[in-house]
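Results of the structural survey
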Amino acid sequence: MNKWNMIIDVAKCHDCNNCFLACKDEFVGNDWFPYSVSQPLHGHKWIDIMRKERGQFPLLDVAYLPTPCMHCDDADCIKAAKDNAVYEREDGIVIIDPLKAKGQKAIVDSCPYGVIWWNEELDVAQKCTFCAHLLDEGWQQPRCVQACPTGALEFLHVDDGGMQRVSESEGLEVVHPEYGLQPRVYYRNLYRYEKSFVAGSVALEDTDECAEGAKVTLTNDSGQVIGRAITNNYGDFKIDGLEKDGKYSLEIECAGYKNRELRVSLEDSRNVGVVFL
Amino acid sequence: MNMGTIQKLTNGTTGGPVFVYVQDGRVIRITPMEFDDLDAPSWVINARGREFSPPRKTTLSPYSLAWRSMLYSPTRLLHPLKRVDFDPAGKRNCKNRGESGYEQISWDEAAEIVSSEIKRIKREYGPAAMMATPGSHHLWGHVGYRHSAFFRFMNLTGYTSAEHNPDSWEGWHWGGMHMWGFSHRLGIPEQYDLLEDALKNTEMIVFWSSDPETTGGIYSAFESTCRRQWLKDLGVKMIFIDPYFNHTAGLLSDKWFAPRLGTDNALACSIAYVWITEDLYDKEYIKTRTVGFDKWKDYVLGKEDGVPKTPEWAEKESTVPAREIRALAREWGSKKTMLAAGGLGGWGGACRAATGGEWARLMICLQAMQGLGKPGINIWGTTQGAPHNSEFLFPGYAEGGISGDVDNSAAAYRFVYRMKFKPTRSSINSPMGQHVPRLRIPECILDGKYEWRGKGFCGQSIEAQFHQYKYPADGYPEIQMYYRYGGSFIGTMNETNRYVKAYQTDRLPFVVNQSIWFEGEAKFADIILPACTNFERWDISEFAGCLGYIPDSTCQVNHRVISLQKKCIEPLGESKSDYDIFALLAGKLGFHELYTEGGLTELDWVKRMFEASDLPNHISWEDFFEKGYYVVPMPEDYKSTPALRWFTEDRKRDTPDWGPHPESQEEFGKGLQTTSGLLEFESSSLNKFDPADEERPIIPKYIPSWEGHHTTELYARYPLQLVSPHPRFSFHTMGDAKGSWLNEVKDHRVLKEDGYYYWVIRINSKDAEKRGIKEADLVRVFNERGAVICAAQVTERLSPGTVHSYESCAEYDPLGKPGESADRAGCINILTPSRFITKNSSGMAPNSCLVELERYEGGEA
């Protein structure tokens, strides 16, 4: 049985908000019985874009995490709802029945991803439906995916085995795998949002030139090499994919110059600044 | 399910063409267009062993997706309104404008008051006593556009136009033009076929004051996004020079430089210094394709003023480390590099500053040194230059639509001969009549006199911008009435408390405002005429189709798409289309027949425009009406003609460009528009005009900004440099405030506990810490010109000493007296200087602005 899955590339999202706005266009003031009732005019974010800056001026990057409903295979909202008010379809989409769910505020609080919203006026919990009402009419993608200009959002209609293979071969990840809820929203390049980096610039003091081709080695307290980099023509280096809250040693080697070693205490991503050799 | 009763229609927006779904008289959905197999095939570019072809759909800007929230906005003007304390036969109480309430009146009463005032003013003063002006942009649709319906009416009734400064072009217009001509493009270059050129040849792109993911070229949504991604995938290195780590940088940057605001020109000169001293420039090209290089080279080397423009010198000015400047110069000088100076290929916030004219010139200087026009090397914004059918004629909005105004639009180029109508002209809105500069509306109203150079967009020739004008013009009256079409100036002009004050004076006895929403300047009018949106009327348009001063602007889009803008719903309330409003007034003024050509409706005009284009050769009116859009096919034998390649090879121009005019060339089609026909490091046009002008010297120079870190007394009081670029999510004011969904975009406005959506100002973490400011705190941003309340965003995307807040707040919400108290809505333009770029460059310089800010705890401020 083919099921709907979403893949989000964190490295391709630049926060244009087309997905957020397309979702509002589809659902504000529109009832799509029996899938959903109208989203309130303001306030809901059925796809919520979380934002992160990593590093410090001038070495930094920015990452965005579009966060729709995860359409979990083992959803907490289904368990928290009374009267089968929340159910998973055969194609994997999780729907909150807008009539049965009336008054059930517990559904909102049940979601550890925080993607369920309360509609005060209509007294019902609401969330992203993967635009199931459109998919059932023959659309191949929900509104957000259609509106995305960079290809950050992809939508796949494939069986669970097939999705598993894609996930493994392309190194996809889910957010909060430890919840164990089997989301069907996967992410590429999630490290951009969740991991940290150490960056810096190496310069040659005697000639006042950028040190190109310097070797940078990052080791942890046990002496294990965690990452390596070679500085580019601006002397810049970046070692990524690190856990937050780490203590590291950074060693910089450049032929003809004395090595430098720095201690780096990483709370979050760090630009260690300019290191003169 | 009742999906069967939903109609799928077509329309067009400033941010792209759309499918519009309507059910029971309500718009329920607006989406981009997806093509079918019957639509023309997409082009394919072969480069570096790969094939590149765009997705078969259109893209849409964020605000276009928010259109339903604007269409049904609670601030829509639904009825004609009269200011309660305005009585045209009695007391006008002009000083109360902006504070008075409004009462509903009928259309007949409104039209009667407006037309009576127009007649009275003509009788007592003359037709030029009515000043009128639209905003820079308009809702989409070429029949309804301001160059069309508005011009036709104003030309027939007579008016003093408040001419627009060349806002998007500024430094290119007043500076760049003097190096390479392109006056028919207001100083920015052609861009034909540079996408293919870049895919095949380019190794590096330097984006200097360029954020195409935000600005979308012009009107072209995200068409070029996939094309930049192709280049990135090919390994093209991408460098960004911008005070802010902008959104294109966030997606694609390999290296970011943030020179202090106002010092880009020092950085540019020092790059040239490295190229000269390390022999990293194209000497052959300089020798054969340019004049005056030696004189400029002497300046760069310090032989003229004793100051060699070394990287060390530039580091002191700009804060960019000298060693990094050297590394950049060396990389740029040894790789085939495109310079994306500005988002369109030209433009860019750096051109709208005290240093803007010199910046544009220096951008041209740098690429001239690298062989501008050679394979892979050009000034290219990455937004234009897709393969393009330039032969297929569908007019841009700038070709005058139904006005046929050959003086103030590009109608004379080709369209006025094709269209079946009586064209209109205005003797007043001509160089021999009277006009005022939009940037000096307040001075003209309040002081009653002004002198300046340049009438609006000076595209006819390089010399046109030197021409001097005065207000009042000889024999013409002072302004007695303001017909304001739109309401954006408080959020978009500069030092905008001036505009508020200009309304609150008895020297301006009558103000009409024609707007869609009750916002901004609409709240200062005596009579408000409610206009409807493009979804409530018929029109026809093309995706990114302005043309005019941007010939073949449609080479931005991946597919040329012409849309029938179907009337989706009836106008809300009593609102009317602009055309119908003008027709109503024309009736009262006795020229209804002339205006409407014997009673034509908007749909009739749409059909005429269809017939005047090349569309009938390809599709019948009936089929076009049914389908609602047409994708223009590529010619079978398409031949790529890269921009300026003909120039480097000293051939006759082979691109389809619209200029230069033969009168300015020794041999038509050979060389540039300049007197020498070459790139002029030493400008012959400036030499003929005012060679002693130190503000705009005959060779380009680094001249410290008249409001920046060198103006030490001011800088000591206001130590933060403000950059106010084009907004990310709205299209200027289009989409902002008015209850739009855009207000909920986190990076657009911040919802605070008081229920208000505050405008964002971005500040470096160190500057924030010093002032005790945390994320989302309210702050008061201020200088001598006024104050604005914003929500702070603490960021690393700026260097310390620089703050960033977008221009174009749509609303004006003063905490106390209008024009004299802090604005809570976010009109950052209250703080920017009104001073012209130079004494003879009558352009805006908002990005030379010093401010301070502090935590805001409440009160009137």
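Small disclaimer: the values here were computed from a predicted structure and weren't measured. (Residues numbered from 1 in each chain as written. Chains lettered and ligands numbered in written order. Predicted model: local features only at pLDDT ≥ 70, side-chain atom pairs only at ≥ 80, totals over all residues. Heavy atoms only, no water.)

1. Considerations on the overall build of chain A
Stated precisely, the cut-off is as follows: Only runs of H or I of at least four residues qualify as helices and only runs of E of at least two qualify as strands under DSSP, and these elements are numbered from the N terminus. Relative accessibility under 20% of the residue-type maximum defines a buried residue, over 50% an exposed one, and the middle range a partly exposed one, all with a 1.4 Å probe and only protein chains included. Two residues form a contact once any of their heavy atoms are found within 4.5 Å. Charge assignment: positive for Lys and Arg, negative for Asp and Glu; neither His nor the chain ends contribute. Lys charges are placed at NZ, Arg charges at CZ, Asp charges at CG and Glu charges at CD.
Broken down by element type, chain A carries seven helices and 17 strands. Principal-axis analysis of the C-alpha atoms gives chain A an extent of 75 × 35 × 30 Å. Taken over 277 residues, chain A has a buried fraction of 59%. Excluding contacts between residues fewer than 6 apart, the proportion of contacts in chain A whose partners are at least 24 apart in sequence is 60%. Of the charged side chains in chain A, 29 are positive and 45 negative; the average position of the first set lies 2 Å away from that of the second.

2. Here we look at the side chain of Arg560(B)
Residue and element names in this part refer to chain B. Note the threshold: Distance and chemistry together define a polar contact, namely a pair of N or O atoms within 3.5 Å, with one atom able to donate a hydrogen and the other to accept it when in protein, and with adjacent residues in sequence counting only for side-chain atoms on both sides.
If you trace the backbone, Arg560 turns up in the loop between β22 (539-542) and β23 (561-565). Within the structure, the side chain of Arg560 is placed 2.7 Å from the backbone oxygen of Asn389, a separation counted as a polar contact. Every residue in contact with Arg560, bar those within four places of it in the chain, is listed here: His388, Asn389, Phe392, Phe394, Glu542, Thr554, Tyr630, Val631 and Val632.

3. A look at the interface of chain B and chain A
Stated precisely, the cut-off is as follows: Put simply, buried area is the surface a 1.4 Å probe can reach on two separate parts but cannot reach once they are joined, added for both. A carboxyl oxygen of Asp or Glu within 4 Å of a side-chain nitrogen of Lys or Arg is what we treat as a salt bridge.
At the interface, 60 residues of chain B touch 60 residues of chain A. Summing both partners gives a buried area of about 4700 Å² for chain B against chain A, and 52% of it is carried by carbon and sulfur. One can count nine salt bridges joining chain B with chain A. Where Arg326(B) meets Asp208(A), a salt bridge forms, and the shortest distance between an N and an O atom there is 3.3 Å. Where chain B meets chain A, there are 33 residue pairs in polar contact (both at pLDDT 80 or more).

4. Some remarks on empty space enclosed by the protein
Residues and elements named next belong to chain B. This is how it is decided: Only protein atoms enter the 1 Å grid used here, on which a cavity is any set of points holding a 1.4 Å probe that cannot leave and a pocket is any open set flanked by protein within 12 Å on both sides along at least five of seven lines; residues with an atom within 4 Å of a point are listed as lining. Grid points are joined across faces, edges and corners, and a volume is the space filled by probe spheres set on the points.
Inspection of every chain in the model, using the stated rule, returns 14 cavities of 30 Å³ or more. Volume-wise, the second largest cavity comes out at about 120 Å³. Together, 16 residues line the second largest cavity, and Ser61, Tyr63, Thr214, Thr215 and Gly216 are the ones closest to its centre. Of all the elements in the fold, those that place two or more residues in the lining of the second largest cavity are α1 (62-65) and α7 (212-215). The greatest single-element share of the lining of the second largest cavity, amounting to three residues, is contributed by α7.

5. Topic: the sheet that holds strand β1 (residues 3-9) of chain A
All names here are of chain A. The line we're drawing: Strands pair, by our definition, only if DSSP identifies at least two bridges between them. A fitted line through C-alpha atoms serves as each axis, taken over the contacting stretch for helices, and the angle formed by two N-to-C directions is quoted from 0 to 180°.
Taken in spatial order, the three strands make up an open sheet running β8-β1-β9, and their pairing is mixed. Every interior strand has two partners, whereas the edge strands, β8 (153-158) and β9 (185-188), have only one. Pairs of neighbouring strands in the sheet enclose a mean axial angle of 25 degrees, with direction left out of account. In this structure, β1 lies alongside β8, joined through six bridges in antiparallel fashion. Looking across to β8, one finds that Asn5 is bridged to Leu156. Each of β1, β8 and β9 is contacted by helix α6 (residues 160-169), which is oriented at about 140 degrees to β8, the strand it contacts most.

6. Some words on the pairing of strand β3 (residues 26-31) of chain B
Residues and elements named next belong to chain B. The element β3 is extensively covered by neighbouring structure, given that five of its six residues are classed as buried. Bridge analysis of strand β2 (residues 16-23) against β3 gives five bridges, and the strand direction is antiparallel. By the bridge assignment for β3, Val22 is matched with Val27. Taken together, β2 and the strand that follows it, β3, pair antiparallel across an intervening segment of two residues, in which Asp24 is found at a positive phi of about 50 degrees.

7. Quick word on the layout of surface pockets
Over the atoms rolls a probe the size of a water molecule, and in doing so it shows where empty space is left. Applied cut-off: Residues are grouped as follows: Ala, Val, Leu, Ile, Met, Phe, Trp, Tyr, Cys and Pro are nonpolar; Asp, Glu, Lys and Arg are charged; all remaining types, including Gly, are polar.
Taken as a whole, the second largest pocket holds about 960 Å³ of empty space. Lining the second largest pocket we find 40 residues, and of these Pro58(A), Leu59(A), Leu60(A), Asp254(B) and Lys255(B) sit closest to its centre. Looking at the lining of the second largest pocket, the elements that each hand over two or more residues are β3 (59-67), α7 (191-194), β10 (196-204), β14 (236-242) and β17 (270-276) of chain A together with α9 (247-252) and β12 (255-257) of chain B. Class assignment of the residues belonging to the lining of the second largest pocket gives a composition of 20 nonpolar, nine polar and 11 charged.

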